[in-house]
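A look at the structure
Letter by letter, the chains look like this.
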Amino acid sequence: ESLHKTEIYQKIIDAESITNAVNKSINTFQSLITLFFCWLYICWISIYAGLIYFTSLIFTLFVYDLFQKLIRPAIIEESENEKSMFGFLSHMLDGFKEIKSDRVKNDDLYNNYLYPSVMNIKQIRTRMIFFFAEYHLFVGMNFFALLGYVVFILHPFDSTSIAIPIITTTFFMWLHTM
């Protein structure tokens, strides 16, 4: 009955994460197909723009890999802290009558165990949110740098009939990835 409740809670959370990951994987695959065909269209219009977009994609993938290496330890740490917090909650629920009747034990459990654990998890999640925000800012900045390339560098050398479809396709790509 009381056999590793924290492990059971953690498995429930892991199952939910796997379910959400499948949906995100499908969306990612659809986005990659769209980006690939947009890139082919840009290459068809202007090979120079296609090469710059391909270089930008390689650089973005490099930063994404770096981002994954930075965020992985935080994810593992959050999982371990959640497991520990579930252990505290399970222990508290097992002795609920004792904790409810004794105010000193109640305050001790909250102040010395539960509150620090919750604050630690909050700090880790905040740090992960900043990582994700910085990565999304980088991706947005990358698209605007590509637009700057098309408007200020490619446009003077090619005609407007080339720049406008590339700009429109770049906006479509940016909106599709966000």
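Since this is a predicted model, take the numbers as computed values, not measurements.

What about the overall build of the chain?
A count of helical and extended segments in the chain gives five helices and zero strands. Listed N to C, the secondary structure of the chain is α-α-α-α-α in terms of helices and strands. Counting across all 178 residues of the chain, residues that qualify as buried make up 28%. When contacts within the chain are restricted to residue pairs at least 6 apart in sequence, those whose partners lie at least 24 apart make up 82%. Surface summary for the chain: the accessible area is close to 12,500 Å², and the carbon and sulfur share equals 69%.

Side note on the confidence of the model for the chain
For the chain, per-residue confidence averages 78 on the pLDDT scale, and 77% of positions sit at 70 or higher. At the level of individual helices and strands, the chain shows its lowest average pLDDT in helix α3 (residues 96–101), which scores 62, and its highest in helix α2 (residues 47–94), which scores 82.

Section: the environment of S117
Its location among the elements puts S117 in helix α4 (residues 103–157). By relative accessible area, which is 8% here, S117 ends up buried.

Side note on helix α5 (residues 160–177)
When the terminal C-alpha atoms of α5 are compared, their 26 Å separation across 18 residues agrees well with the 26 Å that a helix rising 1.5 Å per residue should span. The set of residues buried in α5 consists of I162, A163, I166, T169, T170 and M173. Taken down its axis, α5 places every buried residue within 135 degrees of arc, on the same side. Exposed side chains of α5 directed beyond 90 degrees from the buried face belong to S161 and L175.

Things to note about the packing of aromatic side chains
Per the counting criterion, the structure on display carries eight aromatic pairs. On the numbers, 5.7 Å between centres and 55 degrees between planes, the contact of Y64 with Y135 is tilted. Here Y64, found in helix α2, pairs with Y135, found in helix α4; they are 71 residues apart in sequence, far enough to count as distant. A relative accessible area of 38% places Y64 in the partly exposed class. With a centroid separation of 5.1 Å and an interplanar angle of 20 degrees, the aromatic rings of F67 and Y135 are classed as stacked. With F67 in helix α2 and Y135 in helix α4, this residue pair connects regions lying 68 residues apart in the sequence.

Topic: the pattern of salt bridges
Following the criterion strictly, the structure yields three salt bridges and no others. Between D65 and K69 there is a salt bridge; the shortest N-O distance is 3.5 Å. With D65 and K69 both in helix α2 and four residues apart, this pair spans about one turn of that helix. By relative accessible area, K69 is classed as exposed at 53%.

What to know about the environment of L146
Tracing the backbone shows L146 in helix α4. Once the C-alpha coordinates of L146 and Y53 are considered, the two residues, 93 residues apart in sequence, prove to be 7.2 Å apart. Apart from the residues lying within four places of it in its own chain, the contact partners of L146 are I52, Y53 and S56.

Reading the values: rules and limits
Residues numbered from 1 in each chain as written. Predicted model: local features only at pLDDT ≥ 70, side-chain atom pairs only at ≥ 80, totals over all residues. Heavy atoms only, no water. Helix = DSSP H or I, 4+ residues; strand = E, 2+ residues; numbered from the N terminus. Buried < 20%, exposed > 50% of the residue type's maximum accessible area, 1.4 Å probe, protein only. Contact = heavy atoms within 4.5 Å. Areas by Shrake-Rupley, 256 points an atom, 1.4 Å probe, with all protein chains shown as cover. pLDDT = per-residue confidence, 0-100. Expected span 1.5 Å × (residues − 1). Arc of directions from axis to C-beta. Phe/Tyr/Trp six-rings, centres within 6.5 Å; stacked < 30°, edge-to-face > 60°. Salt bridge = Lys/Arg side-chain N within 4 Å of Asp/Glu carboxyl O.

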